[in-house]
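So you can see what is in the structure, the chains are spelled out below.
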Amino acid sequence: MTDIRYALRLLRKARLFTLTVVLVIAVGIGATTAIFSVVNAVLLRPLPFQDPAQLMQVAEKNDSLHQPAFGVSALNYLSWKERSRSFAALGAIQFGTFTLSGQGDPENYTGNAISASLLPLLGLQPLAGRVFGDADERTGAGPVAMLGESLWRRRFGADPGIVGRPVTLNGVAYTVIGIAPRALTTLTAGDVWIPLVIDPPKEIRLNHVLFVAGRLKDGVTRQAAQAEINAVAARMEQDYPDIHGWGVNLISFTDTFVSADLRRALLVLLGAVTFVLAIVSANVANLLLARALDRRKEMAVRAALGAGRARLLRQLLVESLVLSGVGGGLGLVGAVWAIDWLQSTLPPNVLPVPDIGVDRVVLGFACGVTLITGIVFGLAPAWHAARTDVNATLKDAGRSSTGAHPLFRRALAAIELALATVLLIGAALLGRSLLALQRQPLGFNPDGVLTMQISLPPTRYSNAQRVAFFRDLDLALNALPGVTRAAITSGMPFGAGNYTRSPFIPIGSRVLEPGAGVPVDWRTVSPGYFATLGIPLLRGRVFTDADTGSAPDVMIISRSTARMMWGDDDAVGRTVRRTADKKEFTVVGVVGDVHSATLNVEAPTLYYSNGVRTWPLMDIVVRTSGDTASTISSVREIVRRRDADLPLANVRPMPEWISSSAAQPRLNSALLTVFAGVALLVAAIGTYGVLAYSVSQRTKELGLRMALGADRRSVLRLVVGEGMTTGAAGIVAGVTAAGLIGRALSALVYGVSVWDLPTYAAVSLLLAIVALVSCVLPAIRASRVSPMVALRLE
């Protein structure tokens, strides 16, 4: 306590020094803690389920189609439940949408049909009421539902009395039997859950529509379960020849929810922010070394009065720990603010967890980093000060010398520049990659396109009724004033609608091996879809109003789909079939490729006509030439006149969807740029500080040089040369290190090499300029030293 009180007194006297050090430490620890909190939430924190290590995604796979994880057919799911012995339980999920009406304005919600086994399998309990039972998923059972916690709180004011009461979903009265915990949304994003009812006679074994989760039995390893389910799949292939080529892949829940790209991006950011903390520590160590040199006489007096080296070392380490403690406290406050900002600005589903937060692990990390940082940057200065030569110092022998360990201080400055170089190169590469993504041709024109969603409850609308409804709506939308073109689709590019990937097999001559198929994204569209989005027609024709269920089955395919199946041959008039039901379709048109889900990938696509079949949830795309607000109001009125219980959802301009798709690379680039900018600033201050202190310590030497005939220009060259030697060493080391670790960024960049020479050269030039500016100011000060004043110092 005596040491702490003494340290606080000294730091209060040197307020500018204290403020500088505390702020620099706060920046380093705050940034590190904020990024670690994300890493902790995504990679380290256990999933909010009971014994999550035993949970597996049980996916179908097809090696010939290069599909390592595909959806599961309902019939295969039932067969696995019957034949597999490695799982304590299996549960399934099927996506759905629900319109809640009858209590205020109708609203559209995402939801899922889930098996009764799912919540017990996950180890989750409802907040109120009960979970689904086996009786609830039988055909003909009374309609029951569970509401999500967020919907329960937002729409029903967290009223527990809602349990047991009916709510109208998709036009049907469902009895609310329970409130699902928030943890369920980690696995099945949504607000409403109903029982999954499977009617085997109506299912197709190759219709892959389910997500299946399984809990391993105690003592069963993933490898043993994989071997057992492989044997089950082999026997099923013999029993059901249609599923030839389809196997089973067990995937840990961690790998399911955290993609390799996200894991790599988070680790790169954590490494980058660790570099920032290292630069901060080196900078603070340099400041404390300078302060220690100024306190040599104080240390000598204390040593002469009987203080041992251990006592002095302890005192100085306490001072550095006090500094790091105050800086760490401010950094933790900044980290909490940064985390809140991140969560409020990130689009949904960028991170696979609903909440980041500061938990005990993050607090422990912040305290540990604060302690270690204080020891790291305080140890060298404390050790140097504790080894002060008492006799020499008390006789003022070294008053105007350069001080001990100048090479060590310059090495610290070089290390700062090297780490800043690595960060700047990484930030520049990610920035160029982001620009390349944003400049990537999309294959369509999103400007001026307004999007929205509408869901027709399947309980009130059959497929034929949906086809008629959307055809009528399409005609009405195209007649609206201010609307250039309008169309309806099951899944627009970058949107949240319905489009799936299924394998298709070309019939007749082809470039594929006999019997081989290709997985293709497919969606249904109205005739004006391609014109509305500006997707070019390359061959054949688009859909017309005559393409209905009574007409021959036709489809339109993208250029990449045509090339995968028939090479450079004309695809119009060719025939393909679905693997699920062997239904055949004739290609009537070929359109341009479109980036549908990611900016850097053109997905092979095929299109069905809305005149044959539609999904319950459909996207509306409207190209406007007038006021957007009035267009939205007009669309709402058109829908309301046809069905007052149908809400419009996800009303957004299409450019917003595209911007959201680049959220993760934009976040990576922005954070790394911020870290690199902080690192560059701190490194520049460190270089300036080293040279400025060196000049102040060399006043006598520089005065003698000038008294013996050296002019100001030669003094400038001397000081700048020494500084630039330090800077060049740091830049060369940083460029070398960036080249060696560039592979870590290879999966995060697009359109630029991780060893891009112009980027390396530009960053090196920038750092050289910064280093030169940092050197010039102390050099100018040195060149103005008066020889008489310098000599009078002795």
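Keep in mind the model is a prediction, meaning the values are calculated, not measured.

A. Spotlight on the overall build of the protein. When helices and strands are counted, the protein shows 24 helices and 23 strands. In terms of overall dimensions, the protein has C-alpha extents of about 105 × 55 × 55 Å along its principal axes. Here the protein, with 794 residues, has 51% of them falling under the buried criterion. By sequence separation, contacts in the protein at least 24 residues apart represent 81% of the contacts at least 6 residues apart. About 34,500 Å² of surface is accessible on the protein, with carbon and sulfur atoms providing 59% of the total. Considering the protein, the positive charge centre built from 75 side chains and the negative charge centre built from 57 side chains are found 12 Å apart.

B. Focus on unusual backbone geometry. For alanine 158, which is not a glycine, the phi torsion comes out positive at approximately 55°. Along the chain, the position of alanine 158 falls in the loop between α5 (149-156) and β8 (166-169). For alanine 158, a relative accessible area of 23% puts it in the partly exposed group.

C. Summary view of the nonpolar core. In terms of nonpolar packing, the biggest core is built from 81 residues, with Ile35, Val42, Val284, Leu323, Leu351, Phe675 and Leu745 touching the most fellow members. For this core, the element with the highest residue contribution is helix α9 (residues 260-294), accounting for 17 residues. Beyond its immediate chain neighbours, meaning those up to four positions away, phenylalanine 675 contacts Ala31, Ile35, Leu269, Ala272, Val273, Val276 and Leu423. Counting 44 residues, the second largest nonpolar core, distinct from the first, contains Ala128, Val176, Val192 and Trp246.

D. Quick look at the packing of aromatic side chains. A complete count under the given rule lists 13 aromatic pairs for this structure. Ring geometry for phenylalanine 36 versus phenylalanine 365: centroids 3.8 Å apart, planes at 10°, classification stacked. Here phenylalanine 36 is found in helix α2 (residues 15-44), whereas its partner phenylalanine 365 is found in helix α12 (residues 360-386), with 329 residues between them in sequence. Look at phenylalanine 36 and you get buried, because its relative accessible area is 10%.

E. Layout of the pattern of salt bridges. Applying the stated criterion across every chain, the model contains 18 salt bridges. We note a salt bridge from aspartate 553 to lysine 583, for which the minimum N-O separation is 3.8 Å. You can see aspartate 553 sitting in the loop between β17 (537-540) and β18 (554-558) and its partner lysine 583 sitting in the loop between β19 (575-578) and β20 (584-591), a full 30 residues away along the chain. For aspartate 553, a relative accessible area of 25% translates into the label partly exposed.

F. Spotlight on the packing of α2 against helix α11 (residues 309-345). Axis separation between α2 and α11 bottoms out at 6 Å; the angle between their running directions is 45°. When the axis of α2 is compared with that of α11, the two are oblique. α11 is crossed by α2, and the crossing has right-handed handedness. The residues of α11 that touch α2, namely those facing Phe17, Thr18, Val21, Val22, Ile25, Ala26, Ile29, Gly30, Thr33, Ala34, Ser37 and Val38, are Leu323, Ser324, Val326, Gly327, Gly328, Leu330, Gly331, Leu332, Ala335, Ala338, Ile339 and Leu342. Broken down by class, the residue content of the contact of α2 with α11 amounts to 16 nonpolar, eight polar and no charged.

G. Region of interest: the packing of helix α1 (residues 2-13) against α2. Their axes nearest at 5 Å, the elements α1 and α2 cross at an angle of 105°. Comparing the axis directions of α1 and α2 gives the class roughly perpendicular. In this structure, α1 uses Leu11, Arg12 and Lys13 to contact α2, whose residues at the interface are Arg15, Phe17 and Thr18.

H. Structural context of the confidence of the model for the protein. With 91% of its residues at a pLDDT of 70 or more, the protein shows a mean pLDDT of 83. For residues 397-404, every residue scores under 50 in pLDDT, and the model assigns this stretch 18 contacts once sequence neighbours within four places are set aside.

Each value, and the rule that gives it
Residues numbered from 1 in each chain as written. Predicted model: local features only at pLDDT ≥ 70, side-chain atom pairs only at ≥ 80, totals over all residues. Heavy atoms only, no water. Helix = DSSP H or I, 4+ residues; strand = E, 2+ residues; numbered from the N terminus. Buried < 20%, exposed > 50% of the residue type's maximum accessible area, 1.4 Å probe, protein only. Contact = heavy atoms within 4.5 Å. Areas by Shrake-Rupley, 256 points an atom, 1.4 Å probe, with all protein chains shown as cover. Lys, Arg positive; Asp, Glu negative; His and termini not counted. Charge placed at Lys NZ, Arg CZ, Asp CG, Glu CD. Core = buried A, V, L, I, M, F, W, Y, C linked by side-chain atoms within 4.5 Å. Phe/Tyr/Trp six-rings, centres within 6.5 Å; stacked < 30°, edge-to-face > 60°. Salt bridge = Lys/Arg side-chain N within 4 Å of Asp/Glu carboxyl O. Axes fitted to C-alpha atoms, helices over the stretch in contact; angles between N-to-C directions. Parallel < 35°, antiparallel > 145°, perpendicular 65-115°, else oblique. Left-handed = near helix turned anticlockwise from the far one by under 90°. Nonpolar A, V, L, I, M, F, W, Y, C, P; charged D, E, K, R; others polar. pLDDT = per-residue confidence, 0-100.

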